[in-house]
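Each chain, letter by letter, is given below.
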Amino acid sequence: MSENTLYDNVWERHKVDDLPNGQDQLFVGLHLIHEVTSPQAFSMLGERDLEVAYPDRTFATTDHIVPTTESGRERPLDDEEAEDMLSALERNTSEAGITFFGFDSGRQGITHVVAPELGLTQPGMVVACGDSHTATHGAFGSIGIGIGTSQIRDVLATGCIAADKQAVRRIQLEGRLGEGVYAKDLIMTIIRELGVDGGVGHVYEYGGPAIEELDMEGRMAVCNMSIEGGARAGYVNPDETTYEYLRGREYVPEGEAFEDLKQYWESIKSDADAEYDDVVTLDADDIEPMVTWGINPGQAVGISEPVPEPSSYEDEAQREMAERALSHMDLEAGQTMDGYEIDVAFIGTCTNGRVSDFETAASILEGRQVDEDVRALAVPGSETVRQACEERGIDQTFIEAGFEWRRAGCSMCLAMNNDSLVGDEVCASSSNRNFIGRQGSKAGRTVLMSPAMVAAAAVEGAVTDVRRQAPGTPPEAADDVQEVAD
Amino acid sequence: MSDVTSESLEIRTVAGSGIPIRGDDIDTDQILPARFMKETSFEDLGQYLFYDARRDDDGELNDHPLNVYTDGSIAVVNDNFGCGSSREHAPQAMQRWGIDGVIGESFAEIFKDNCKSLGMPAATADRETIKTLQDWIEANPDGEVTIDVEAETVRYGAHTIDVEIDRGMRQALLQGIWDTTSLMYANRDAVDAVAADLPYTTLD
């Protein structure tokens, strides 16, 4: 078992008791709720005549079902089911005295974008939310745990979850990312190397120079997709980058109180002599822009690499999965993804819907036009992100290039609102899952990539190497750029 | 508040005919597509289980195992079943379809937790053992498959195989305390003490 890692330290500070079933009872320091997975939990609470134990440690927003067009957000929502869910959340939070960031607050957005940017997420917390991408909060050196609805009931009623401690795998990222290569490419590489089930039973601790160099938004993108690698939680030890990000945010105390908290944050970091159950080392120097070719996030290649032959997999199930993926994506093994035509470009989500994501994509779009056959959607992860982008004029770059600039929500990541693929459309997407049907159409095809790569694909009308479209790079210089970047 | 640690909630065995659902990494978007989550109750979810996977492009029911083994109540799956989202809607839909237990090579963590919350045993065995069981069910579609939680075995035909059930899940099922709310609710004072000792809770 691991010892003296951040995971061990935070676990110990939050452990309440050994439960008779052999699990640990853990205090949840920050509970985030949204409209899709919480209404049933509030009903269960009502049936038992229980109240919300820690309303002050609970925050709500609405993200999964919200329309992202301006007119779509008028109440009541056109979609009756969506209106029911939103109304239920408003009613439940109001009755329990839980802060709710709704449309009128100006701070509505995806839970995993909103909580960090408001400073709600801090190092050394246990963060729980009825959403698998709660792993995101690990970027701050907290333990983010995605939970089901019955567990939401547990947290609402008791402020705690019953949990089994996992093994800790240190993922050491040596080297540094090259030009045009981002945090998204890093985590996609990790998932490809370790497998979509590689993290089952594990928590991932990300570290090493390539991680330390990332800003907080990059670290969030990495931790966010831990779950895609099978790890329920992933984290980065807090450092000065973390503290600088936190300073001055709405829910972060100032002055002496900040310094006191910082002492706690420093105290829970993994010790230099921490013991891990497992250590994996990867070299970030070798990573190139990544794209998926299949139907799970582990089926990914570098942009210059050929799509693997199913026969290259030793395991029969993996082979079948590859064959199924090629058939669904209408792809031939042996070809690269470069040039694979797209119909839709989507930038947003809890993985890549933050200001720096739009900023980077805008730098690619500047002075360029989205291909005329491509429908392009930019959906800020939160209203705060939207406003920050608009203050900097980033929205104008998107609009002038031919993107629709929308209001905040989960949108086409899982198509629970009107933003959906149609038929067998191909989507270049900055989201996190390429499962069949994920973007709203059973025949739809998702190609996961970084926001910069989505912007480049939108312009090209096909998957392409963003390094050929680096900011200010005329098309004829493309080959030189690629050689330098390789 | 009701007493949920009663004997009536103890789950020692679950049994029924099998449903072999083959394939690794079957994700929650396949098990329950997101568009069917737009309800504030779990009640009607059963009909949406594997909704897209059970249908051809023209909407007709295909030969998906759920369409073939319609009376089955023990699902036998492969590796990393239930990966993807945290939606409890997935095992809720399985339970409401009539599935009482699931045996597989491995399960995604949140999916397994959700099974525990619902009192649905999730047992694991190695690839070869699972394949043999899936083959047997295909040859014996009406044959009974029993998950014995206490003995950590699965019985079918003349066979008894060893399986693993997580300690927490096994204890919870055997003691009838798979509903953890009341367990933890009893520790309210200790929770307050832990909360008060954390620097970030006192600074709000």
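Criteria and thresholds
- Residues numbered from 1 in each chain as written.
- Chains lettered and ligands numbered in written order.
- Predicted model: local features only at pLDDT ≥ 70, side-chain atom pairs only at ≥ 80, totals over all residues.
- Helix = DSSP H or I, 4+ residues; strand = E, 2+ residues; numbered from the N terminus.
- Buried ≥ 20, exposed ≤ 12 C-beta atoms within 10 Å, placed from the backbone.
- Contact = placed C-beta atoms within 7 Å.
- Nonpolar A, V, L, I, M, F, W, Y, C, P; charged D, E, K, R; others polar.
- pLDDT = per-residue confidence, 0-100.
- Domains from an automatic or database assignment.
- Core = buried A, V, L, I, M, F, W, Y, C linked by C-beta atoms within 7 Å.
- Pairing = 2+ DSSP bridges.
- Axes fitted to C-alpha atoms, helices over the stretch in contact; angles between N-to-C directions.
- Expected span 1.5 Å × (residues − 1).
- Arc of directions from axis to C-beta.

Caption draft 1: Looking closely at the overall build of chain B. Looking only at helices and strands, chain B features 9 helices and 7 strands. Taking the principal axes of the C-alpha coordinates as reference, chain B spans close to 60 × 40 × 30 Å. Every one of the 204 residues in chain B was classed for burial, and the buried ones make up 50%. A sequence separation of at least 24 residues applies to 70% of the contacts in chain B between residues at least 6 apart.

Caption draft 2: Structural detail: the interface of chain A and chain B. In this complex, chain A contributes 67 residues to the contact, which on the side of chain B involves 56 residues. Among the elements that take part in the side of chain A that touches chain B, helix H5 (residues 149-158) of chain A stands out by supplying 7 residues, more than any other. Within the side of chain A that touches chain B, the residues separate by chemical class into 29 nonpolar, 21 polar and 17 charged.

Caption draft 3: Quick look at the confidence of the model for chain A. Overall, the predicted model of chain A reaches an average pLDDT of 95, with 97% of residues at or above 70. Low pLDDT, under 50, characterises residues 476-486 of chain A; the stretch is placed with 12 contacts to residues that sit more than four places away or in other chains.

Caption draft 4: Inspection of the domain arrangement of chain A at higher detail. All names here are of chain A. On domain assignment, one finds that chain A holds domain 1 (6-163), domain 2 (167-238 + 270-286) and domain 3 (290-485). On a C-alpha basis, the centres of domain 2 and domain 3 stand 22 Å from each other. Between domain 2 and domain 3, the residue contacts involve 18 residues of the former and 20 residues of the latter. At the level of elements, helix H6 (183-194) and helix H8 (216-224) are the ones that each hand at least two residues to the side of domain 2 that touches domain 3. A per-class count over the side of domain 2 that touches domain 3 returns 6 nonpolar, 5 polar and 7 charged.

Caption draft 5: Up close: the nonpolar core. A:Val291, A:Ala345, A:Val454 and B:Ile103 are the most contacted members of the largest nonpolar core, which has 219 residues in total. Ranked by the residues each element gives to this core, the list is headed by helix H16 (residues 451-460) of chain A, at 8 residues. Contact partners of A:Ala345, with chain neighbours within four places excluded, come to A:Val370, A:Val374, A:Ala376, A:Leu377, A:Ala428, A:Val454, A:Ala457 and A:Ala458.

Caption draft 6: Seen up close, the sheet that holds strand E6 (residues 126-129) of chain A. Residues and elements named next belong to chain A. With parallel pairing, the 5 strands of this open sheet are ordered in space as E5-E4-E3-E6-E7. At either margin of the open sheet sits one strand with a lone partner, and together these are strand E5 (99-101) and strand E7 (143-146). Taking each pair of neighbouring strands and ignoring which way they run, the sheet shows an average axis angle of 20°. Here strand E3 (residues 30-33) pairs with E6 via 3 bridges, running parallel. Directly across from Leu 32, in E6, lies its bridge partner Cys 129.

Caption draft 7: Looking closely at helix H5 (residues 127-139) of chain B. Residues and elements named next belong to chain B. A rise of 1.5 Å per residue sets the reference length of H5, with its 13 residues, at 18 Å; its end C-alpha atoms lie 18 Å apart and thus fit the reference within 8%. Those residues of H5 not exposed but buried are Ile 130, Leu 133, Gln 134 and Ile 137. Mapping the buried residues of H5 onto a view down its axis gives an arc of 100°, with all of them on the same face. Relative to its buried face, H5 has exposed residues pointing more than 90 degrees away, namely Glu 128, Asp 135 and Ala 139. In the core, the buried residues of H5 are packed alongside strand E1 (13-21), strand E2 (74-77), strand E3 (101-104), strand E5 (144-148) and strand E6 (153-156).

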